[in-house]
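Summary of structural features
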Amino acid sequence: MENNTTTISREELEELQEAFNKIDIDNSGYVSDYELQDLFKEARLPLPGYKVREIVEKILAVADHNKDGKINFEEFVSLMQELKSKDISKTFRKIINKKEGITAIGGTSAISSEGTQHSYAGKNVRVANVVIQEVEAENLNLALNSASAIGCTVVNIGAQDLKEGKPHLVMGLLWQIIKVGLFADIEISRNEALIALLNEGEELEQLMKLSPEDLLLRWVNFHLTNAGWQKISNFSQDIKDSRAYFHLLNQIAPKGDKDDQLPITIDLSGFNEKNDLKRAGLMLQEADKLGCRQFVSPADVVSGNPKLNLAFVANLFNTYPCLHKPENNDIDLNLLEGESKEERTFRNWMNSLGVNPYINHLYSDLADALVIFQLYEMTRVPVEWSHVNKPPYPALGGNMKKLENCNYAVELGKNKAKFSLVGIAGQDLHEGNSTLTLALLWQLMRRYTVNVLSDLGEGEKVNDEIIIKWVNQTLADANKKTSISSFKDKSISTSLPVLDLIDAIAPNAIRKEMVRREDLSHEDKLNNAKYAISVARKIGARIYALPDDLVEVKPKMVMTVFACLMGKGLNKIK
């Protein structure tokens, strides 16, 4: 300690101790990175967000001597000594000496905050607890709405459910998020090597229609066949003895045939272990050599837990797929065009509503119109289910049954929903005509959004003109200088009207230092858009649009952004 304080006076040391105590609001004896970050935010310094992050990173790099992500008082004093003459030190001292006091935004559990009566920086901690609860709610809203935007089903799940830790809801949501991450690259347009899984005589289109789960099963069986072992049909009963896993690991382990790859030898001696649990443990030791032991324990394997075993296999595939695209000139690679951002947005929107079956591939999964009928009902278009053909479809005539469904779906759109479906026939849906299918989906999404607004407006019919009028009136009432003339207004590319509207609806939600307002480059606009969508979700607006939609001013998606914010604003009034 003496070495760190030789050039710091006793008065300065006491001042630093007081400052440190202000930051260390939980009296833990150290400050963490999030406390430093929140310190800067609460000080409302005129610094851009990236600068705040840079300063925090510098502080940690210099002061965190033992690299544990935490700074104790000695390290804090050492930091102030070393940076005494630098701008970062002046900035930091300016913050910690502010007379207004510092409010903590760190999270806490309901139990840990209950009954707390400490005070700090001249304010009672009960005030802080209110702030903490508000931030917790915002973070949970952000988590839910972000999960929704990537296609997780969030029907009947609210922030309060997550806060209360309802196991079935929390675990269900976590599993969906994990699946989205693990399955992201198990798709042929992203990984052409999957073409190696084509069966003899099978068309590429048939392979492309398989779900990620089905592709994984086929991948495992591809390697098991090469190993001379029997195929599996599931990730539960068929893998309980771990023997299929031993063969799979042996097949995918690097053989050292690449210049940058060292061979990894899989020890198969555990294959003959008589005890299932011990055998599973030995198998996972081999998986650990590949860095792929995550998700399952020996007990999970032996019990045949389907979700955890599926995650285990997906991780193996993502790490060591061990596939090579066949040299076959008969394959039309033009079919491998990836999913567009618009297609992904619609797919995620439908999945978030809990449609069944889950939409993996937009057009092939809509080919029987069953999901479209569900969307009609969600948008209050009555469906006569007695007119709908349901799976399983017969081997002969199955396509005709699906086509009949698609014809009925178009009929409902024209006659009941009053959609503009000129030139669209059931055949277009059945065959996956992208332009015409997306035209129907957009009108369904728009109707769904408008219905929500009508409910909040006590039945008042809502159209584009009403939304634009509400947006401009809300901006004017909040003394904002921005406005929009239409959903094609070029000013929307800056995201400033969106950011100002969020600030009008939820004051203090927008941090001014995070927004660039003048001389905007494309990158500045994109950063503004990312921030706008993130904060909109944080305040509870369920937005599916992407940052690019705002920057490129795509009217359809822009409309949904303003409509969702209008819904949030009306809901706040109610």
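Residues numbered from 1 in each chain as written. Predicted model: local features only at pLDDT ≥ 70, side-chain atom pairs only at ≥ 80, totals over all residues. Heavy atoms only, no water.

1. As for the overall build of the protein
Assigned secondary structure in the protein consists of 26 helices and 4 strands. Counting over 574 residues, the protein shows a buried share of 47%. Within the protein, contacts between residues at least 6 apart in sequence are counted, and of these 59% link residues at least 24 apart. A total of about 29,600 Å² of accessible surface is found on the protein, and carbon and sulfur atoms cover 49% of it. (Helix = DSSP H or I, 4+ residues; strand = E, 2+ residues; numbered from the N terminus. Buried < 20%, exposed > 50% of the residue type's maximum accessible area, 1.4 Å probe, protein only. Contact = heavy atoms within 4.5 Å. Areas by Shrake-Rupley, 256 points an atom, 1.4 Å probe, with all protein chains shown as cover.)

2. Examining helix 13 (residues 243–252)
The buried count for helix 13 comes to 7 of 10 residues, which makes it a mostly enclosed element. Turning to helix 13, its buried residues number three or more, namely Ala244, Tyr245, Phe246, His247, Leu248, Leu249 and Ile252.

3. A closer look at the environment of Arg537
Within the secondary structure, Arg537 sits in helix 24 (residues 522–538). For the pair Arg537 and Ser148, spaced 389 residues apart in sequence, the C-alpha separation works out to 9.9 Å. Filtering out sequence-adjacent residues up to four positions away, Arg537 remains in contact with Asn141, Leu142, Asn145, Ser146, Ala149, Ile543, Tyr544 and Ala545.

4. Observations regarding the side chain of Asp500
By secondary structure assignment, the location of Asp500 is in helix 23 (residues 496–505). Engagement of the side chain of Asp500 in a polar contact is seen with the side chain of Thr482, the distance being 2.8 Å. In this structure, Asp500 is in contact with Leu475, Lys480, Thr482 and Arg517, ignoring residues within four places of it in sequence. (Polar contact = N/O pair within 3.5 Å; in protein donor to acceptor, adjacent residues only side chain to side chain.)

5. Points about the packing of helix 17 (residues 341–352) against helix 21 (residues 434–456)
Look at helix 17 against helix 21: their axes get within 11 Å of each other, and the N-to-C directions meet at 45°. Taken together, the axes of helix 17 and helix 21 are oblique relative to one another. Along this stretch, helix 17 crosses helix 21, giving a crossing that reads as left-handed. On the side of helix 17, the interface is formed by Glu342, Glu343, Thr345, Phe346, Trp349 and Met350, while helix 21 contributes Ser434, Leu438, Leu441, Trp442, Leu444, Met445 and Tyr448. By residue class, the composition of the contact of helix 17 with helix 21 is 9 nonpolar, 2 polar and 2 charged. (Axes fitted to C-alpha atoms, helices over the stretch in contact; angles between N-to-C directions. Parallel < 35°, antiparallel > 145°, perpendicular 65-115°, else oblique. Left-handed = near helix turned anticlockwise from the far one by under 90°. Nonpolar A, V, L, I, M, F, W, Y, C, P; charged D, E, K, R; others polar.)

6. A look at the environment of Leu370
Within the secondary structure, Leu370 sits in helix 18 (residues 370–378). Taking the relative accessible area as the measure of exposure, Leu370 reaches 11% and is therefore buried. Between the C-alpha atom of Leu370 and that of Asn389, which follows or precedes it by 19 residues, the distance is 8.6 Å.

7. Re helix 21
In an α-helix, one turn spans 3.6 residues, which is why side chains three or four residues apart end up on the same side. An ideal rise of 1.5 Å per residue puts 33 Å on 23 residues; helix 21 measures up with 33 Å between its terminal C-alpha atoms. For helix 21, the capping residue at the N-terminal end is Asn433, with a side-chain oxygen 3.3 Å from the backbone nitrogen of Thr435. Glu458 sits one or two residues past helix 21 and shows a positive phi near 55°. (Expected span 1.5 Å × (residues − 1).)

8. A closer look at the nonpolar core
Counting residues in hydrophobic clusters, the biggest one holds 84 residues, and the most contacted among them are Met350, Phe373, Tyr376, Ile467, Phe562 and Leu565. Apart from residues lying up to four places away in sequence, Phe373 is in contact with Asp368, Val383, Trp385, Val388, Asn405, Tyr408, Ala409 and Leu412. Among the nonpolar cores identified, the runner-up in size contains 49 residues, and Leu216, Leu249, Ala314 and Tyr320 belong to it. (Core = buried A, V, L, I, M, F, W, Y, C linked by side-chain atoms within 4.5 Å.)

9. Some points on the packing of aromatic side chains
In this structure the tally under the stated criterion is 9 aromatic pairs. With centroids separated by 6.2 Å and ring planes inclined at 70°, the aromatic side chains of Phe246 and Phe271 adopt a geometry described as edge-to-face. A residue pair is termed long-range when its members are at least 10 positions apart, and Phe246 in helix 13 and Phe271 in the loop between helix 13 and helix 14 (276–289) qualify at 25 residues. Taken as a pair, Phe246 and Phe271 share a single burial class, namely buried. A centroid spacing of 6.3 Å and a plane angle of 25° characterise the contact between Tyr376 and Phe419, whose relative ring orientation is stacked. Here Phe419 lies in the loop between helix 19 (398–415) and helix 20 (426–431) and Tyr376 lies in helix 18, a separation of 43 residues in the sequence. Just as Tyr376 is buried, Phe419 falls in that class too. Taken together, Trp229, Phe246 and Phe271 form an aromatic cluster joined through their ring pairs. (Phe/Tyr/Trp six-rings, centres within 6.5 Å; stacked < 30°, edge-to-face > 60°.)

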